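Overview (structure and organization)
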Amino acid sequence: MTKTNQDNASSTRAWISLLLAGAFEIGYALSVGGSEAFTVLSWSVAAIVFFLLTLYFLSVALRTIDVGIGYAVWAGIGSVGAAAFGSVLLGEQLTLAQAVWLAVIIGGVVWLKLADSAKLQEQH
């Protein structure tokens, strides 16, 4: 395997780890909400498990992805996911204006990923 292929594979694994960390962050946020200040045991245990998983996968991703970019993507996935799933699963209100601004966050996350692509890196 060439150095470029190894770098691409490493980058792909890092971004997959970051997506998993974001998904676990969504689970963590929703579980904390369901735990009612950690007074409901099942939700509290779920929150702790999701917390540990999100930290693990975030730390794996940040071995390759710059901390600022990785953290921004992770936080974006977590906040948009928590708002969307909170609306669907927990009946929380999501207004049109909130949905528009969440879409802006999604756009920013996508552009951050694109900016990290190998082709763009080679151009600079």
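Here we summarise the structure given alongside this text. All residue numbers refer to positions counted from 1 along the written sequence of the respective chain. Residue-level local features of this predicted model are given only where pLDDT is at least 70; pairs of side-chain atoms are given and counted only at 80 or more, and the full residue set underlies all totals for whole chains, interfaces and linings. Calculation of side-chain values draws on the structure's entire complement of heavy atoms; hydrogens and water are dropped beforehand.

**Remarks on the packing of aromatic side chains**
Here is the rule: rings of Phe, Tyr and Trp (six-membered ring for Trp) pair when centre to centre is within 6.5 Å. Planes less than 30 degrees apart are stacked, more than 60 are edge-to-face, and the remainder are tilted. On inspection of all chains with the given rule, the structure shows five aromatic pairs. Taken together, a centroid distance of 5.4 Å and an interplanar angle of 45 degrees make the contact between Tyr-28 and Phe-51 tilted. One end of the pair, Tyr-28, is in helix H1 (residues 3-35); the other, Phe-51, is in helix H2 (residues 41-61), with 23 residues separating them in the sequence. Each residue is assigned to one of three classes by its accessible area relative to the maximum for its type, calculated with a 1.4 Å probe on protein chains only: buried under 20%, partly exposed between the two thresholds, exposed over 50%. We classify Tyr-28 as partly exposed; its relative accessible area is 24%. In textbook terms, an aromatic cluster arises when at least three aromatic residues are bridged by ring pairs, as seen for Phe-24, Phe-50, Tyr-56 and Phe-57. Here a helix means four or more residues in a row that DSSP labels H or I, a strand means two or more in a row labelled E, and each is numbered from the N terminus.

**Describing the environment of Gly-70**
Residue placement: Gly-70 occurs in helix H3 (residues 67-90). The spatial distance from the C-alpha of Gly-70 to the C-alpha of Lys-113 is 9.3 Å, given a sequence separation of 43 residues. Throughout, a residue-residue contact means that at least one pair of heavy atoms, one from each residue, lies within 4.5 Å. Beyond its immediate chain neighbours, meaning those up to four positions away, Gly-70 contacts Leu-18, Leu-58, Leu-62 and Ile-65.

**Thoughts on unusual backbone geometry**
Residues other than glycine seldom take positive phi values, yet Glu-36 does so here, at roughly 50 degrees. You can see Glu-36 is positioned in the loop between H1 and H2. For Ala-37, which is not glycine, the phi dihedral falls at a positive 60 degrees. Counting through the fold element by element, Ala-37 comes out in the loop between H1 and H2.

**Notes on the packing of H3 against helix H4 (residues 96-115)**
Packed helices, taken two at a time, are described by their axes: the angle between them and the distance between them. Contact geometry for H3 and H4: axes closest at 9 Å, N-to-C directions at 150 degrees. Our classification of the angle between H3 and H4 gives roughly antiparallel. In terms of crossing hand, the pair formed by H3 and H4 is left-handed. For the pair H3 and H4, contact is made by Ile-69, Ala-72, Val-73, Gly-76, Ser-79, Val-80 and Ala-83 and by Leu-102, Ile-105, Ile-106, Val-109 and Leu-112, respectively. Grouping the amino acids of the contact of H3 with H4 by side-chain chemistry returns 10 nonpolar, two polar and no charged. Here an axis means a line fitted to C-alpha atoms, over the contact stretch when the element is a helix, while the angle between two N-to-C directions is reported on a 0 to 180 degree scale. Between 65 and 115 degrees an angle is taken as roughly perpendicular, under 35 as roughly parallel, over 145 as roughly antiparallel, and anywhere else as oblique. Definitions for this section: a left-handed crossing has its near helix turned counterclockwise from the far helix by less than a right angle. A right-handed crossing has that turn clockwise. Gly is placed with the polar residues, together with every amino acid not listed as nonpolar (Ala, Val, Leu, Ile, Met, Phe, Trp, Tyr, Cys and Pro) or charged (Asp, Glu, Lys and Arg).

Purely geometric stuff here, so don't read any function into it on its own.
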